[in-house]
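# Residue-level structure breakdown
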Amino acid sequence: MIILGFETSCDETAAALVNTSTKTILAEKVYSQYNEHREYGGVVPEIASRAHLERLPILVDALFKNAGITLKDVDAIAATTGPGLVGALLMGATYAKTLALAINKPFLPINHLAGHALSPLLTEERLNFPYLLLQISGGHCQFEWVESPTCSQTLGATIDDAVGECFDKVGKMLGLEHPYGPALERLAEEGNDTAFSLPIPQTPKPGDFSFSGLKTHMRKLISKHDNYANLAASFQHTVATYLAQQTEKMIKQQTAHAVVIAGGVAGNKTIRGHLRKVCEASGATLYAPPLKYCTDNATMIAWAAGLIYAKENWPQNSMNSLVRPRWPLAELYTDGV
Ligand code: KG4
Ligand code: ZN
C-alpha cells in the first residue's frame, strides 16, 4: 500500500511517499522554514501558512520525480490534521484532500503525536506494543502508555512549559539564533556541565513535569554570569537528569520493557545518553528514532496512516474532517471526523 503523507503542523513543510506494507520509504522531503522566521525570533503562524502553500507543490513535484512513480500509483493520502497551528494545518490538510479528490482515493487524517509515537516501529524491528513513550517537543512533554496504533493512555504531562519551549526560551535568553534547541546543544558542547547547580523541578504527581521554575532560575543566572557555554551545558545537563529521573519512575510504575522517545528534543545527544543509561539500569530497551525522524517529517505521518487505517477500514467521511489545534493522543480515533 503506497501512502502519500503530508506534515504542515508548524514550521516544517514535509511530504513523503511510503510503501507501508513493505516498510519502504520511496521518497521523502522536508523544507524547514528557518529563514522565513529567523528575524522574528520564533514561528509566525501567518508566515508559516504562506510558506507551506508556496512550498507544497514544489515538494510534491520533487517527491514523485525521486520516487519514480506518479500520483495514480498512490493508494491513499494522509495529512497531519492536529495538534498544531490552525492555518498551517489547514494548508497541508486541504492540499491533501484536493489531491485525494482528484484521484478518487481516501484521505486519512493523522494526529501529529501519533506520527511521532509510531515512527520508531518503522525503523526498529524488535519494538512491540505496549511501550512507554516519552514525547518531548516544542509543544509537548508527556508520558504515554502506547498499547496499539489507536490506543494510548497519558500517564503524566507538563503542568506549564514543554521541554522544547524551555530550550527555546533559554536559548533566546542566551542570545542564540532560532532554531534555539540545536543551537543551545552546540553551545553546551563547549561548556562545563557542572559549573552551575540548578534545582531539579518537583511536581506532586509522578510522571508530570514542570519547566517554568528552571526557566526563571536560568534567567537569574544569565543576568549575573557571562560564561554562556557553562550556563548552556549546566542547563542541558539538568534537563537530561530530570527527564531520566522521571523516566526511571515511569518504567518502574508500568513495568515497561521498552521506552520510546519522540519529538524534536529527542534529537539531543546528552538527553539520549542520559535516557539510555537509565533504561539500561532499569532493564528496559530505549528506542530512539534516527535524528531525521525525531523532528517533524512526513514519513512518520504516512507510516502512522498505514498502521492506524487498515485498508478494509478506510474512513468514510474524512473529507468533512476538521483540523484540530488541540488533539490529545488519548483521543485517537479512526473515523476522521
Ligand atoms: O517535534 P518538533 O520538531 O516540533 C514540535 O514541537 O512538534 O520539536 C521542535 C522542538 C523545538 O522546541 C526545538 O528547539 C527542540 O524541539 N529541539 C531541540 C533539539 N532539536 C530540536 N531541543 C534540544 N536539543 C536539540 N538538539
Ligand atoms: Zn513534532
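Within each chain, residue numbers correspond to sequence positions counted from 1 in written order. Think of it this way: whatever chain is written first is A, whatever ligand is written first is 1, and the rest follow in order. Two thresholds apply to this predicted model, a pLDDT of at least 70 for residue-level local features and 80 or more for giving and counting side-chain atom pairs, whereas whole-chain, interface and lining totals are computed over all residues. To obtain the side-chain values, all non-hydrogen atoms of the structure were used and water was disregarded.

Now for helix α8 (residues 212-224). End to end, α8 covers 19 Å across 13 residues, agreeing with the expected 18 Å (1.5 Å per residue, within 8%). Exposure classes here rest on a 1.4 Å probe applied to the protein chains alone. A residue is buried below 20% of its type maximum, exposed above 50%, and partly exposed in between. Only DSSP runs of H or I covering at least 4 residues are called helices, and only runs of E covering at least 2 are called strands; the numbering of each starts at the N terminus. Along α8, the residues that are buried comprise Leu 214, Lys 215, Met 218, Leu 221 and Ile 222. Buried positions in α8, seen along its axis, are confined to an arc of 125 degrees and lie on one side of it. Residues of α8 that are exposed and angled more than 90 degrees away from the buried face: Lys 220, Ser 223 and Lys 224. Here the expected span of a helix is defined as 1.5 Å times the quantity of residues minus one. The directions from the helix axis to the C-beta atoms form the arc being described.

Core analysis: the biggest nonpolar cluster contains 49 residues, and Leu 132, Ile 136, Phe 211, Phe 235, Val 239 and Ile 271 have the highest contact counts within it. Those elements that provide at least two residues to this core are β6 (131-136), β7 (141-148), α6 (163-173), α7 (180-188), α8, α9 (228-254), β9 (258-262) and α10 (269-282). A per-element tally of this core places α9 first, with 12 residues. Once residues within four sequence positions are removed from consideration, Phe 211 is found in contact with Cys 141, Thr 158, Asp 160, Asp 161, Ala 162, Val 163, Cys 166, Val 239, Tyr 242 and Leu 243. Ranked by size, the runner-up nonpolar core spans 36 residues in total, among them Val 18, Ala 298, Ala 305 and Trp 327. Here, the term nonpolar core denotes a set of buried Ala, Val, Leu, Ile, Met, Phe, Trp, Tyr and Cys residues that are joined through side-chain atoms within 4.5 Å. Contacts are assigned to residue pairs that have any heavy atoms within 4.5 Å of one another.

Take a side-chain nitrogen of Lys or Arg and a carboxyl oxygen of Asp or Glu: if they are within 4 Å of each other, that pair is a salt bridge. For the coordinates displayed, the defined rule picks out 10 salt bridges. Note that Lys 269 is salt-bridged to Glu 185, the shortest N-O span being 3.6 Å. Remark: Glu 185 occurs in helix α7 and Lys 269 occurs in helix α10; sequence separation between them is 84 residues. Owing to a relative accessible area of 52%, Lys 269 belongs among the exposed residues under this scheme. The closest approach of N and O atoms between Arg 324 and Glu 331, which form a salt bridge, is 2.7 Å. By relative accessible area, which is 40% here, Glu 331 ends up partly exposed. One network of salt bridges, with partners in common, ties together Asp 161, Glu 165, Lys 169 and Lys 215.

Side-chain rings of Phe, Tyr and Trp (the six-membered ring for Trp) are treated as a pair once their centres are within 6.5 Å; stacked means planes under 30 degrees apart, edge-to-face means over 60, and tilted covers the remaining angles. In the structure shown here, the tally under the stated rule is 7 aromatic pairs. Ring geometry for Phe 129 and Tyr 131: centres 5.5 Å apart, planes at 15 degrees, overall stacked. Look at Phe 129 and you get partly exposed, because its relative accessible area is 30%. The class of Tyr 131 is buried, set by a relative accessible area of 0%. Three or more aromatic residues joined by ring pairs make a cluster, and in this case those are Phe 143, Phe 209, Phe 211 and Tyr 242. Here, a charge over a ring is recorded when the distance from Lys NZ or Arg CZ to the ring centre is within 6 Å and its angle to the ring normal is within 35 degrees. The lysine or arginine in question, Arg 55, covers the ring of Tyr 31, its NZ or CZ lying 4.0 Å from the ring centre.

Reading across the sheet, the 5 strands line up as β8-β7-β6-β9-β10 and stay open at both edges, with mixed pairing between neighbours. Two strands in the sheet have a free side with no partner beyond their single neighbour: β8 (151-157) and β10 (285-287). Within this sheet the neighbouring strands show an average axis-to-axis angle of 25 degrees, counted without direction. Two strands qualify as a pair provided DSSP detects at least 2 bridges between them. In this structure, β7 lies alongside β8, joined through 6 bridges in antiparallel fashion. Note that in β8 the partner of Phe 143 across the bridge is Gly 156. Interaxial angles span 0 to 180 degrees and are taken between N-to-C directions of axes, which are lines fitted to C-alpha atoms, for helices over the stretch in contact. α10 rests against β6, β9 and β10 of the sheet, and its axis sits at about 150 degrees to β10.

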